[in-house]
Number of protein chains: 2
Amino acid sequence: MAGLKAVPYTRSMQDCDLIVTAPFMLPVAPENAVCHDHALAIGGENIVAFGPRDEITGAYNASDVLDLSQHIVLPGLVNAHGHLAMTLLRGAGEDQALQAWLTDTIWPLEGRLVNEQFVELGTRLAFAEMLKSGTTTFSDMYFFPENVARVATEIGMRGQLAFPVFEMSNVWSSGVAECLHKGLALNDEYRHHPLVTVSLGPHAAYTVGLENLDKVAMYANELDIGVQIHLHENSAEVTEARGNHGRSWVEHLYATDFLGPNVQAVHMTQLTESEIGMVADTGTRVIHCPASNLKLASGYCPVETLRNAGVSVGIGTDGAASNNRLDMFKEMHLAALLAKHENEDPEHGKATDILYMATLGSADTLGLGDRIGSLEPGKAADFIALDTRQLGIQPLYDPFAALVHGTPAHAVSDVFVNGAQLLRNRELVTIEEAALIEKTQAWHADAFGTSS
Amino acid sequence: MAGLKAVPYTRSMQDCDLIVTAPFMLPVAPENAVCHDHALAIGGENIVAFGPRDEITGAYNASDVLDLSQHIVLPGLVNAHGHLAMTLLRGAGEDQALQAWLTDTIWPLEGRLVNEQFVELGTRLAFAEMLKSGTTTFSDMYFFPENVARVATEIGMRGQLAFPVFEMSNVWSSGVAECLHKGLALNDEYRHHPLVTVSLGPHAAYTVGLENLDKVAMYANELDIGVQIHLHENSAEVTEARGNHGRSWVEHLYATDFLGPNVQAVHMTQLTESEIGMVADTGTRVIHCPASNLKLASGYCPVETLRNAGVSVGIGTDGAASNNRLDMFKEMHLAALLAKHENEDPEHGKATDILYMATLGSADTLGLGDRIGSLEPGKAADFIALDTRQLGIQPLYDPFAALVHGTPAHAVSDVFVNGAQLLRNRELVTIEEAALIEKTQAWHADAFGTSS
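Residues numbered from 1 in each chain as written. Chains lettered and ligands numbered in written order. Predicted model: local features only at pLDDT ≥ 70, side-chain atom pairs only at ≥ 80, totals over all residues. Heavy atoms only, no water.

Check the secondary structure of chain A and you find 16 helices and 17 strands. What you see for chain A is a C-alpha radius of gyration of 22 Å, in line with the 22 Å of a compact globule of 452 residues. Reported as C-alpha extents along the three principal axes, the dimensions of chain A are approximately 80 × 50 × 50 Å. Per-residue burial for chain A yields a buried fraction of 65% across its 452 residues. As displayed, chain A has an accessible area near 15300 Å², and 48% of this comes from carbon and sulfur atoms. Averaging the locations of the 27 positively and 56 negatively charged side chains of chain A gives two centres separated by 5 Å. (Helix = DSSP H or I, 4+ residues; strand = E, 2+ residues; numbered from the N terminus. Rg over C-alpha atoms; globule rule 2.2 N^0.38 Å. Buried < 20%, exposed > 50% of the residue type's maximum accessible area, 1.4 Å probe, protein only. Areas by Shrake-Rupley, 256 points an atom, 1.4 Å probe, with all protein chains shown as cover. Lys, Arg positive; Asp, Glu negative; His and termini not counted. Charge placed at Lys NZ, Arg CZ, Asp CG, Glu CD.)

Rendered as structure tokens:
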């Protein structure tokens, strides 16, 4: 017993890697709590404790302390839908209708420009923008997901790769069989990875034939992985389905048992009451992309009606080509404004509900609700801090309002993912920002023969 | 003739104070022009020339040159409606309906807190936020406009003081007579001022009796000054007017000859076709406040329908208490998204139209269209620059899209008003930002007995 320490309090102290303290902590669980002068204790990749500052500092010996004296700390934002490398097409096709935008602008540009280097550069640009605006988890649906996975693990971002399932031959695959072959190999490679999860990403019901959708569902069920699909994005899609098949895509996918808790239905701007019932019955998840839907004049997702029906709803930016930003704070602001507009009642779209959707709600849509989305012991240490000493934030009456209506991306000071610090005092730790911007400018000049 | 210089080109060179060069200049007149490698020559308060860089540098000897090598230069944004000092109530009343928000939260807080110090601090905070996000001209409707004028001239902001005309006794006046007395004295004082203009600011038709509105119109016509009024902000206001008076406020103000080119009607979310005709016939100006209207679930102004009818439309943020920001870039993004949604067509709400509304359109609503709003010789040197080497902007395909959909307030690097530089490399020149934020925090702690 020679090693036994004599001083009583040290016997009960536990070691941890980091203690973070702040005047305002919003754990999101419970949804509307503002915890004053609290602290997080981080051990390795995880939150080991969360509580009043004195309790935590009295119970843990930390190797490092981060005293965020004027900050709001909250879970990292979860961007539940995007096409990351499309940052390189930001602003390339403006003021066009969805089908014209896809067929006249985006698809031809992609055909000419997309390759592995494009995807790695565009993805890196997306991660830089996301981290600086407080997003810690992405979802991507794009070509060369192997390269996205490589960049994500190099930089330390968490995310879901919804690998594309397309019938059309493209730069990454010759058709559905090759998509599945490559995507399932990727899933094998990453199935135990701490940061990256793999899902199936059939583009849409109108681009992937019904037999192939059945195949997607079969693989998803067999491997117990998610399926992310664009669904009911605009009224033309629904009208066409009713014309060709006598029923909407939601009705069809309900009838064929495609829908279920592992399905992440993106957009969902057009929904009848009976379709909302089908979504709720099956536990299908829904992802709201307010900026992209409005920009393409597709309408918007009735999120409060869905949530009232018991549906789990998250928020995504969609790709930068139809947004044009990857700033989840802006998306929260829009989601709140639209919920008030949808209900013609400003008491709807409460800031607490919106922040929930952008954190734990989004995490749940991606099947990650038990791992991220709230500040709770045992969850991954994915959290962000905002320095409140900013124009546009002060005076600070209500941290929820500051986050949801203050569009405060400029105030994000520190970001941690899985216990690792990726943003420190607004400086990216694992990305050289200035060099990345120069490389992007050089790529653009090379691709279009102009300087930007 | 002894002083005649011998070298030919110097004979034709003219002196100016400053030449500004940039790879992208958007003069707004014409609306959709992108001028590459152009320059502005500034003399005193004014733009003396605008043209290709080589022409300008060949024709002017400048005391100073600002070579903005990676920037977009455009006219300063014009925020056509606000209540500046309400920055101090940012986030104080959230998720409430308009009338409850006013009567239960805002008016009681104002009664307790507003005084000259409040107005000066809140206005300074507003100017700091506006300048850093590219706004060079404000419109204010708030108590103690004398103090606002003092702060504006001290800092160098341009703007309109729509002095309040209220029947209710308040901290600034005992009623309409005192409002008019003080406001008209202010107009006398500033009528030849280079930065500040004074207008009448009757709060609304439902708070200012019809006789008093007639009086307002009489003074406005006599003095040839503007009138800014909240009008048809939401459906309750219109329904009540129809119930009490048998006609809407627009119909009433049309019948009484109140409407006219000097009237700046703010909000206008509820308009019949015949009312739009009345607005167009009379040349009444309209100011769109998209974020505030959505946040209070009031609907939104049908700006494209109005513009198609020939109505001049500007954009404003409204007060920070119902927004919660004074960021005109965010407002442009919302205006574009809503125009697409209004028309169910993404080809509407074009970025060029939206930027026009936020510059020359807003300037015109304030009666300042001949002085500001575009980069044209003879106009005031009110312009801003954005550094494009930013995440969220690169790659740069389309400067209009970057401005309207990129929410790029973070990229505003330099701001000039009336020839004077007020922001230099993102640093405010006439405001000490850190001290202002500390003072705001101290005010809040003092007013509410808490720290923020």
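With that settled, consider the interface of chain A and chain B. Listed per partner, the contact involves 67 residues of chain A and 67 residues of chain B. Interface of chain A and chain B: buried area, both sides summed, is about 5100 Å²; carbon and sulfur atoms make up 63% of it. Interface area lost by chain A to chain B is led by Asp95(A), Leu391(A) and Tyr397(A), which between them contribute 16%. For the pair chain A and chain B, the interface holds two salt bridges. The partner of Lys340(B) in a salt bridge is Asp95(A), and the shortest N-O contact between them spans 2.5 Å. In this assembly, chain A and chain B are joined by 16 residue pairs in polar contact (both at pLDDT 80 or more). Every element with two or more residues in the side of chain A that touches chain B is listed here: α4 (116-132), α11 (290-295), α13 (328-343), α15 (399-405) and α16 (433-448) of chain A. Here the residues of the side of chain A that touches chain B are counted per class, giving 27 nonpolar, 24 polar and 16 charged. (Contact = heavy atoms within 4.5 Å. Buried area = accessible area lost by both parts, 1.4 Å probe. Salt bridge = Lys/Arg side-chain N within 4 Å of Asp/Glu carboxyl O. Polar contact = N/O pair within 3.5 Å; in protein donor to acceptor, adjacent residues only side chain to side chain. Nonpolar A, V, L, I, M, F, W, Y, C, P; charged D, E, K, R; others polar.)

Below, the discussion takes up the packing of helix α4 (residues 116-132) of chain B against helix α16 (residues 433-448) of chain B. All names here are of chain B. Two numbers describe how α4 lies on α16: the axes approach to 11 Å, and their chain directions differ by 135°. Accordingly, the angle class assigned to the pair α4 and α16 is oblique. Remark: the crossing between α4 and α16 carries left-handed chirality. Residues Phe118, Leu121, Arg124, Leu125, Ala128 and Lys132 of α4 pack against Glu433, Leu436, Lys439, Thr440 and Trp443 of α16. Of the residues belonging to the contact of α4 with α16, the class tally is six nonpolar, one polar and four charged. (Axes fitted to C-alpha atoms, helices over the stretch in contact; angles between N-to-C directions. Parallel < 35°, antiparallel > 145°, perpendicular 65-115°, else oblique. Left-handed = near helix turned anticlockwise from the far one by under 90°.)

What follows covers the environment of Leu26(B). Residue and element names in this part refer to chain B. Secondary-structure assignment places leucine 26 in the loop between β1 (14-25) and β2 (35-43). For the pair leucine 26 and threonine 352, spaced 326 residues apart in the sequence, the C-alpha separation amounts to 9.9 Å. Discounting residues that sit within four places of it in the chain, leucine 26 has contacts with Ala33, Val34, Ile72, Val73, Leu74, Pro75, Leu355, Leu375, Pro399, Phe400 and Leu403.

Taken as rigid bodies, chain A and chain B are interconverted by a rotation of 180° and an axial shift of 0.0 Å, the fit giving an RMSD of 0.0 Å. Expressed as an axis order, the relation between the two copies is that of a two-fold axis. Measuring from the rotation axis to each C-alpha of chain A, the shortest distance belongs to His410(A), at 3.4 Å. Of all interface residues in chain A, 100% are interface residues in chain B too; the two copies therefore contact each other through one and the same surface. (Least-squares fit on C-alpha atoms with pLDDT ≥ 70 in both.)

Within this structure, the stated rule accounts for 14 aromatic pairs over all chains. Where Phe143(A) meets Phe166(A), the ring centres are 5.9 Å apart and the plane angle is 15°; that geometry is what we call stacked. In this pair, Phe143(A) is assigned in the loop between β7 (135-140) and α5 (145-155) and Phe166(A) in the loop between β8 (158-165) and α6 (176-190), connecting sequence segments 23 residues apart. One exposure class covers both Phe143(A) and Phe166(A), and it is buried. Aromatic ring contacts, followed pair by pair, group Phe118(A), Trp443(A), Phe448(A) and Tyr397(B) into a single cluster. (Phe/Tyr/Trp six-rings, centres within 6.5 Å; stacked < 30°, edge-to-face > 60°.)

What follows concerns the pattern of salt bridges. Pairing between side chains of opposite charge can happen when the charged atoms of each approach one another. In total, this model carries 34 salt bridges over all chains according to the counting rule given. Here Glu376(A) and Lys379(A) are joined by a salt bridge, their closest N and O atoms 3.7 Å apart. A salt bridge links Asp67(B) to Arg53(B); the shortest N-O distance between them is 3.7 Å. Of this pair, Asp67(B) sits in strand β4 (residues 60-67) while Arg53(B) is found in helix α2 (residues 53-59), placing the two residues 14 residues apart along the sequence. Arg53(B) gets classed as partly exposed once you look at its relative accessible area, which sits at 25%. One connected set of salt bridges, linked through shared partners, spans Asp37(A), Arg53(A) and Asp67(A).

This next bit is on the confidence of the model for chain A. Residues and elements named next belong to chain A. Across chain A, the average pLDDT comes to 95, with 97% of residues at 70 or higher. Considering only residues more than four positions removed or in separate chains, one finds that residues 1-8, a stretch of pLDDT under 50, has three contacts. For this predicted complex, the interface score ipTM comes out at 0.96, while the overall pTM is 0.96. (pLDDT = per-residue confidence, 0-100.)

Right, let's get into unusual backbone geometry. A cis amide bond, omega 0°, links Ala29(A) with the succeeding residue Pro30(A). Note on placement: Pro30(A) falls in the loop between β1 (14-25) and β2 (35-43). For the bond from Gln394(B) to Pro395(B), the omega torsion is -10°, close enough to zero to count as cis. Secondary-structure assignment places Pro395(B) in the loop between β14 (383-387) and α15 (399-405). Despite not being glycine, Asp95(A) shows a phi value in the positive range, around 60°. Note on placement: Asp95(A) falls in the loop between β6 (77-78) and α3 (98-113). For Asp95(A), a relative accessible area of 14% gives the class buried. The backbone of Thr407(B) shows a phi angle near 35°, a positive value even though the residue is not glycine. By secondary structure assignment, the location of Thr407(B) is in the loop between α15 and β15 (412-417).

This part is about the pairing of strand β9 (residues 196-202) of chain B. All names here are of chain B. With respect to burial, β9 is a largely interior element, six of its seven residues being buried. Relative to β9, strand β8 (residues 158-165) runs parallel, the two sharing seven bridges. Across the sheet, the residue bridging to valine 165 is proline 202, located in β9. Read as a crossover between parallel neighbours, the route from β8 over helix α6 (residues 176-190) to β9 is right-handed. (Pairing = 2+ DSSP bridges. Right-handed = clockwise from strand over helix to strand, strands pointing away.)

It is worth spelling out the packing of α13(A) against helix α13 (residues 328-343) of chain B at this point. Where α13(A) meets α13(B), the axes come as close as 13 Å, and the angle between the chain directions of the two elements is 50°. Put simply, α13(A) runs oblique to α13(B). In the packing of α13(A) onto α13(B), the handedness of the crossing is right-handed. On α13(B), the residues that touch Lys330(A), His333(A), Leu334(A) and Leu337(A) of α13(A) are Lys330(B), His333(B), Leu334(B) and Leu337(B).

This paragraph deals with the environment of Thr269(B). Residues and elements named next belong to chain B. You can see threonine 269 is positioned in the loop between β11 (263-267) and α10 (273-282). For threonine 269, a relative accessible area of 9% corresponds to the buried category. Along the primary structure threonine 269 and glutamate 376 are separated by 107 residues, whereas in three dimensions their C-alpha atoms are 33 Å apart. At 2.9 Å, the side chain of threonine 269 and the side chain of glutamine 270 are in polar contact.

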